[in-house]
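# Examination of the molecular architecture
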Amino acid sequence: MCPFCPGLATTLMDATTDKAPLVQEQIYKALCELGESEPEEILNACDEYLRQHDKLAYPHRVIILKAMETVVKNNIALLDKSTAKVVIFLASNEMTKSKEVIRDWQQAASSVLVAVGQRFINKVMEEVLSKFQPGILPHYFVVQTFANLSVSNVFGMVPFLNSILGTMLPMLGMAKQDHMKSVFCYALQHFSESIQEYLANLDKAPDPTVRKDTFSNEIFSAYEVLFTGWLQHREAKSLCQILEASVNIGSRSLDVQLDPLLGTLHPQICAPADPAVPLTVKNHTEVLRCFTVLACSFPDRVLAFLLPKLESSGERTRVGTLLIMRQIINSAHTNNKVKRALVQVISAMAHHGYLEQPGGEAMVEFLVLWPYLLEFVTPIAFTNALTPLCKSLLHLAVKKQEEGDSASLIRYDLNANLPSPHALTTRLLVVSSQPYAGDGRGVAALRLLSVLRCSVHPALEPLWSKKVPVLVEHIEENTEKPLSQKQWEEELLLNFLYKCIGTTLGACASKDLVLKQLQELLETARYHEEVEREGLASCFGICAINHLEETLAKLEDFVKSDVFKKSVGLFSIFKDRSDNEVEKIKSTLILCYGYVAMYAPKELVLARIETDILKNIFQYFNTKVLGIKVETKDLTLKLCLIRSICMISQAIYNGAKCGDFIFSRKAELVAQMVEFIKAEPLDTMRTPVRQRAMIVCTYLVYPSSLRRSRSQGCARWSALPTEPDPAPQFAVLYGDTISALKDLLKSLLQRSLTPHGLQDMFAHLGPWIKSSKEHERQRAVEVSAALLDFYLSKLNVSTVIPFYNLGVLIALFSPRCSDSLASVRQHAIDCVYSLLYIQLCYEGFARDHRDEMVEGLKALKKGLEEPDFTVLFHTCTNIAMVIGKRIPPEQLMSLLLAMFEGLADPDKNCSRAATVMINSLLKERGAVLQEKVKLLQEKVKLLQEKVPDIMSIIHGKLEEVDEEHVRKAAQQTVYILASQHKSLVVSSLLSSALPFDSHTCAMWRSLAGEPTLTSQILEQLLEKVNRDVPYKESKGFLLGSSSERIATPLPLAATCALYEIMSAPESGAAVLGLYPPLFVTLLLRLSCTVGVQLPKSLQSRERKSSSLGSAARSLHPASEEVAVAVGSAGGWDQMASPERHHDGIAVLAGAMARHAGPRLPLIVKNLIPTLNSVFDSQRVTATAFLAELLGSNVVNDLMLLETVMDNMMGRQKDACTLVRMLALRGLGNIAAGSPEKVRKHGAKLLASMVNGLDDKDDPHNLVALEAMSSLSKLLGHVEERDMQSMLLHIAIRIRPFFDSEQPELRQSSIVLFGNLSRFSEGDCEVFFEQILNGLVTLLLHLQDPKPEVVKACKFALRMCGPSMGCEGLCDMFLNHLREDRSLHYGEFMNNVCKHLMQSYPEMLNRLISTNLFYFKSSWVDIRAAAPMFIGFLVLHVDEDHSPQVDLDQLISALNLLLKDPVPAVRVKVAETLGRLVRIL
């Protein structure tokens, strides 16, 4: 007996509480493995454990019981009786401990009893029969154990069956619960099968005298209970569930059982259920459900079974069959196969008259849609479907009529969901009112209405049969047409009659009669008709001529009257139309007030306007006006309000002539009209709201004391919509609105007939005059011409004053004389004509004075009709000559500057015309400008001071103008200025806002045209980049926050400028001459931008400057190959990253070495001094560049290698870790660039690498990592004598890195270790010891989470294999650890451990101890691999060497690891625990 077995078993059983299924499975296997070695010991241990841990939850007990079952099965022949007895007693108790059925637990215990029963059947039966007492319902699993035993041990069990059946039969009646009934059925089935097998093998049976009749009485008695008792009552539910399950899993057993099932179930439906007994009713329902389930899978066979039953003479049979049919019909909605079969059956039944029997109505409803489709006619939601719906109903109705009159009549009393006849009639008539909408739904509705006439009302038959067909024919023969002339005449006559009534009431002397008639008119009016609203309002207005008081009183009383309130109340019932109807009443009342104000005597009505009329108008409009925005969606109400206010304004305007009248609410009314205009859509005009509101404003703004801001508001919001070509029906509306706009603007202008007033007006019209849309320019210039003509006609100059803005206005209109639109050209010259005459008036000439030159403009209008550009520009030249002769000298400069603005005109004709006119003006009035130039020449310093201003103006014009000739002219100006004032131009451009916009960039590029000038400017820019510090440190204001680097503006701007100039192809020669300093400066500048923040003034800008990242890309066109190579390798993106910047620099250096080698000597010469820069970033960049060059043979060819190498060695003491790391990288690169030099300088290079490994100021091991990587590169080229003295030191130094948290360190150290093995031949034993020290680590790291580390381990093991002295291991490493081959780790480790234990069995404890170290590894796969490694070692070790192992330590460590949070680890631990049996 092994002393460790019980302890191991206990450890494993303690671990059964693990929640991971895989771990539980492995624990089970481990227990089984232990049991294979020591079955009786393990079974007793399990028994003792379960007894001692009585509270252990059943899922964990299940694992132990299953392991016991397996051990018993596999070792049944080895068990002695005492152990069997212990197991039987335990399993019996486990199985029956809980009276409730806990299937997994009790099944596992039952399976143990069945397994033991294979050999010890009598012992098992003795125990189980003790729990199977007569008269007491047994435990569920006692019965199931009997059943399973009867199958597993037929010969041992059959002799017990007679007594078991004898005890069981009385128990069947005691079984009330479904699960007990099912287990008894299960047992009877297996007993029957066991008996049959026993009888079939009597020749082998222990008692050959057994016969079938020995058991037949008991078995038949039992089955009779099942069929007559259980199946007839509650078991119908169970049967239904069984059927559903069979259908769901697609069982084919139902095919055979279907006919007997139908034959058994059908009589139960034919026997009526007793309502007084709920159980029978429930069973009846369940049997019906059984038919539903069967019909879904076998519709044809079920219906074929039922249909003949309808021929039965027995009423119960026929009624029961129909009940089943109804059940199937009601449940057939989701099964098309059943539906099709039912339709065929129902059709057949109809021919035989079966549908008249009870239940037949359900079948008819299953087929017929009539009249239920009528439910979908009235809902608004189905309006779009009315055409096909009406056609379908028409078809059904005609079919019904063919069957007879009574069949077509709709029984509304029997179908509560159908719409009433009135609702149907109303709906169909309303639909017919728009006969052409909805794909002819009017025709379909009328035809349906005709066929439903008898169902609506019998009296409609004669009328509808005659009239409706005529209406249908009329609709089909015609298309949509406007109203007929007759209808229009009726509306006109109605309006005329109202006016007659108004006139009559006005002449009536009786005030009471007037009030009475007005009341009657208000009560009877049809407010929804526009003609009637107009007529009623005009009637009230005419009546007010003589009865103002009575009219106003009646209007106010009507709103307070019951009639009005009832109307509103009535309408509110119909919420979908109440708002509309009420708005129409209010609209009429508001219009009435307007007509009253217009017709009533002015001396009487003015006093009532604010107190009565306006107060009531806005009360009806549902707004207070004061401070509250009007928001109404009713167009009629809005238009009536505007018209009413317009009539009130006209009354005030006309009444004011009779005397003084102060209108205090004028400003509010103007604001209201402006709001109406603002609310109109900007792109279309479909209503007269805008036009009428403008007319109102025209009357309100003049003459008045209206504030200037209100007047300007009118002008600003009186713009026309931007619709280019209105439809013909709206053309008149547009014309009327234009006229209203002109009148309004004239009214506004008359308030201030001064140059300033004119300037204000055109400040609003200017954008429209310059619009890129032709229709907007046409309307704006037309209005402008009318305004200037009005200004001239009203101008009365009493004193000579300057027309200060003449030049600006002339410049606004004169370029329009070449507009692409002829009408604009004509109006534009009219504007110039009026402006010049206005100027003459201000100079003192009479208004009727005629100037020959100005009059000549009229003659030029003919030339403006020609669309030919040549003719147009010639005419523009002549116009400019007239302007030049008549423009005052002091206005000339403002004219030219304003004309220069015209260069940005969106109409290219006008832009070119501005150029023509500027040239013409300069020729005509050049003498005036020349005088000014002479004055400037006397003050050169002033000119210098103006250079920034000039540059600013040029920039402004470039922003506005998108014409090539303008851009070239502006750039030429910049070039000329720079040739005379380089520093001023450079300083001015550098002061431009960053990032440079496209126009500033264009100005910089204009300086690239002439090589000498370009070189001088580039030198200035280089000096500015290098002179100032690249960035400043800005410390965070919060405690503990890190500082940040902020770029300084001047070097930033100069860098952007360099990029722009060098981007111009013309700069090539200058760049070639300055290539080395440019390259180095930009390279170092680039290093000072990485991780540096923009100045705060630029951080919020969305647009980011591309110049910083792009400067180095365009060093010269000859370097295009370099730029492409760097870009394809991702170098530019790497340079922009603080973490990858040095990698990007290396990519650039490599590209330069490949494609621009001849340029390198001067670049290196300029770059080496920067290795001592005070800025870390510059030293990093310079070192990265030079280090990469060492990887190319070009430095050797150019005789630069020694110089660069010495400088790299000199950087090993640099304060910056990254610089030291890059220096080592460069030294390692020599192996690739100049391998022959490695042998020459091998000792120095190796010493540098060892120093790197021993770097003390390397917290993240960056230097050590690079030293290991570079060593791996150099080892292939150094002399062996240089390496021998350092081999052991390096091997020991790199060993800790094998388990580093950094994957790069793990990879590099392992690869280096593999490379070191090349030098192990001279000192084989010493290095062999290092291999053994690292072997476990290398094998475990084959499970490293990083693929690159796995690859390194494969390489190192392949390299070390030959040095291990084991040919089998060496072959395995070479064959299984190839890079291109996947590795089955478990199988590989199994074979490795086999070879290790064969070749180095004495190392067992050492290998296990090393693995124990990795039990605490942070990597899951390695934690899992370590116990597996140990398990394979144990599996293959000879017994002679097993004493090496400290079992207590090992089991303790495994036990601790068994609590690991990761299931995969625990699985491997459990597996190893099972294998420990080999060394126990």
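All of these numbers come straight from a predicted model, not from anything done at the bench.

Conventions and cut-offs
Residues numbered from 1 in each chain as written. Predicted model: local features only at pLDDT ≥ 70, side-chain atom pairs only at ≥ 80, totals over all residues. Heavy atoms only, no water. Helix = DSSP H or I, 4+ residues; strand = E, 2+ residues; numbered from the N terminus. Contact = heavy atoms within 4.5 Å. Phe/Tyr/Trp six-rings, centres within 6.5 Å; stacked < 30°, edge-to-face > 60°. Lys NZ or Arg CZ within 6 Å of the ring centre and 35° of its normal. Patch = residues over 30% accessible without salt bridge, like charges linked within 9 Å, V, L, I, M, F, W, Y side chains within 5 Å. Areas by Shrake-Rupley, 256 points an atom, 1.4 Å probe, with all protein chains shown as cover. Salt bridge = Lys/Arg side-chain N within 4 Å of Asp/Glu carboxyl O. Buried < 20%, exposed > 50% of the residue type's maximum accessible area, 1.4 Å probe, protein only. Arc of directions from axis to C-beta. Lys, Arg positive; Asp, Glu negative; His and termini not counted. Charge placed at Lys NZ, Arg CZ, Asp CG, Glu CD. Axes fitted to C-alpha atoms, helices over the stretch in contact; angles between N-to-C directions. Left-handed = near helix turned anticlockwise from the far one by under 90°. pLDDT = per-residue confidence, 0-100. Expected span 1.5 Å × (residues − 1). Parallel < 35°, antiparallel > 145°, perpendicular 65-115°, else oblique. Nonpolar A, V, L, I, M, F, W, Y, C, P; charged D, E, K, R; others polar.

## Some details on the overall build of the protein chain
Each helix and strand in the protein chain was counted, giving 76 helices and two strands. Long-range pairs, those at least 24 residues apart, make up 73% of the contacts in the protein chain with a sequence separation of at least 6.

## So, the packing of aromatic side chains
This structure, assessed with the given rule, holds 16 aromatic pairs. Centroid distance tyrosine 1031 to phenylalanine 1175: 5.5 Å. Interplanar angle 65°. Geometry classified as edge-to-face. Separated by 144 residues along the polypeptide, tyrosine 1031 in strand 1 (residues 1031-1034) and phenylalanine 1175 in the loop between helix 58 (1160-1167) and helix 59 (1176-1189) bring together distant segments of the chain. Its end group placed over the ring of phenylalanine 298, arginine 301 keeps NZ or CZ at 5.7 Å from the ring centre. It is arginine 1159 that lies over the ring of tyrosine 1075; its NZ or CZ is 4.3 Å from the centre.

## With respect to a nonpolar patch on the surface
Taken together, the side chains of Ile545, Met598 and Tyr599 present a nonpolar region at the surface, about 220 Å² in accessible area. Checked against the element boundaries, isoleucine 545 lands in the loop between helix 27 (530-543) and helix 28 (548-560). The class of isoleucine 545 is partly exposed, set by a relative accessible area of 35%.

## Comments concerning helix 15 (residues 299-306)
In an α-helix there are 3.6 residues to a turn, and that puts residues three or four apart on one side. Restricting attention to buried positions, one finds in helix 15 the residues Pro299, Val302, Leu303, Phe305 and Leu306. End-on, the buried residues of helix 15 take up no more than an arc of 155°, which puts them together on one face.

## Side note on a positive patch on the surface
A contiguous patch of positive charge, built from Lys81, Lys85, Arg119 and Lys123, is present on the exposed surface. Mapping lysine 123 onto the fold places it in helix 7 (residues 121-129). Given the relative accessible area of 37%, lysine 123 is considered partly exposed.

## As for the environment of phenylalanine 146
In this structure, phenylalanine 146 sits in helix 8 (residues 140-152). On the basis of relative accessibility, which here comes to 0%, the residue phenylalanine 146 falls in the buried class. Taking C-alpha positions, phenylalanine 146 is 9.0 Å from leucine 161, a pair spaced 15 residues apart along the chain. When near neighbours in sequence (up to four residues on either side) are disregarded, phenylalanine 146 contacts Met125, Val128, Leu129, Phe132, Met157, Ile164 and Phe191.

## With respect to the packing of helix 49 (residues 1011-1027) against helix 52 (residues 1075-1087)
The N-to-C vectors of helix 49 and helix 52 enclose an angle of 35°; their axes lie 11 Å apart at closest approach. The element helix 49 and its partner helix 52 pack so that their crossing is left-handed. Touching Leu1018, Leu1022, Val1025 and Asn1026 of helix 49 are Pro1077, Leu1078, Thr1081 and Arg1085, all from helix 52.

## Things to note about the confidence of the model for the protein chain
Per-residue confidence for the protein chain averages 81 on the pLDDT scale, and 82% of its residues sit at or above 70. Contacts of residues 623-627 to residues separated by more than four positions or lying in other chains number nine contacts, the stretch itself having pLDDT below 50. Contacts from residues 705-718, a stretch scored under 50 in pLDDT, to residues over four places away or in other chains number 34 contacts.

## Structural notes on helix 16 (residues 315-330)
Along its 16 residues, helix 16 runs 23 Å from first to last C-alpha, staying within 8% of the 22 Å computed at 1.5 Å per residue. Taken together, the buried positions of helix 16 are occupied by Gly320, Thr321, Leu322, Ile324, Met325, Ile328 and Ile329.

## Digging into the packing of helix 5 (residues 81-96) against helix 6 (residues 103-116)
Packing of helix 5 against helix 6 brings their axes to within 8 Å, and their N-to-C directions diverge by 155°. Classified by the interaxial angle, the pair formed by helix 5 and helix 6 is roughly antiparallel. Considering the relative orientation of helix 5 and helix 6, their crossing is left-handed. Contacts from Ala84, Val87, Ile88, Ala91, Ser92, Glu94 and Met95 in helix 5 reach Trp105, Gln106, Ala109, Ser110, Val112, Leu113 and Val116 in helix 6. In the contact of helix 5 with helix 6, the residues fall into ten nonpolar, three polar and one charged.

## Quick notes on unusual backbone geometry
The omega angle of the peptide bond from leucine 994 to proline 995 is -5°, so this bond is cis rather than trans. The residue proline 995 is located in the loop between helix 47 (982-990) and helix 48 (998-1005) in this model. Non-glycine residue methionine 1199 carries a positive phi angle of around 60°. Locating methionine 1199 in the fold gives a position in the loop between helix 60 (1194-1197) and helix 61 (1201-1210). Judged by relative accessible area, which is 73%, methionine 1199 ranks as exposed.

## Notes on the environment of leucine 79
The residue leucine 79 is located in the loop between helix 4 (58-74) and helix 5 in this model. Taking C-alpha positions, leucine 79 is 9.9 Å from phenylalanine 120, a pair spaced 41 residues apart along the chain. Not counting residues up to four positions away in its chain, the partners in contact with leucine 79 are Glu40, Leu43, Val72, Arg119 and Phe120.

## Quick look at the pattern of salt bridges
This model, assessed by the stated rule, comprises 47 salt bridges. A salt bridge links lysine 73 to glutamate 69; its shortest N-O distance comes to 3.0 Å. Taken as a pair, lysine 73 and glutamate 69 lie in helix 4 at a separation of four residues, close to a single helical turn. On the accessibility criterion, glutamate 69 (16% relative accessible area) is buried. Beyond isolated ion pairs, a larger network of salt bridges with shared partners links Arg777, Arg816, Asp819, Asp905 and Asp907.

## Focus: the side chain of serine 988
Within the secondary structure, serine 988 is located in helix 47. Judged by relative accessible area, which is 11%, serine 988 ranks as buried. Among all residues touching serine 988, those that are not within four sequence positions of it are Pro948 and Met951.

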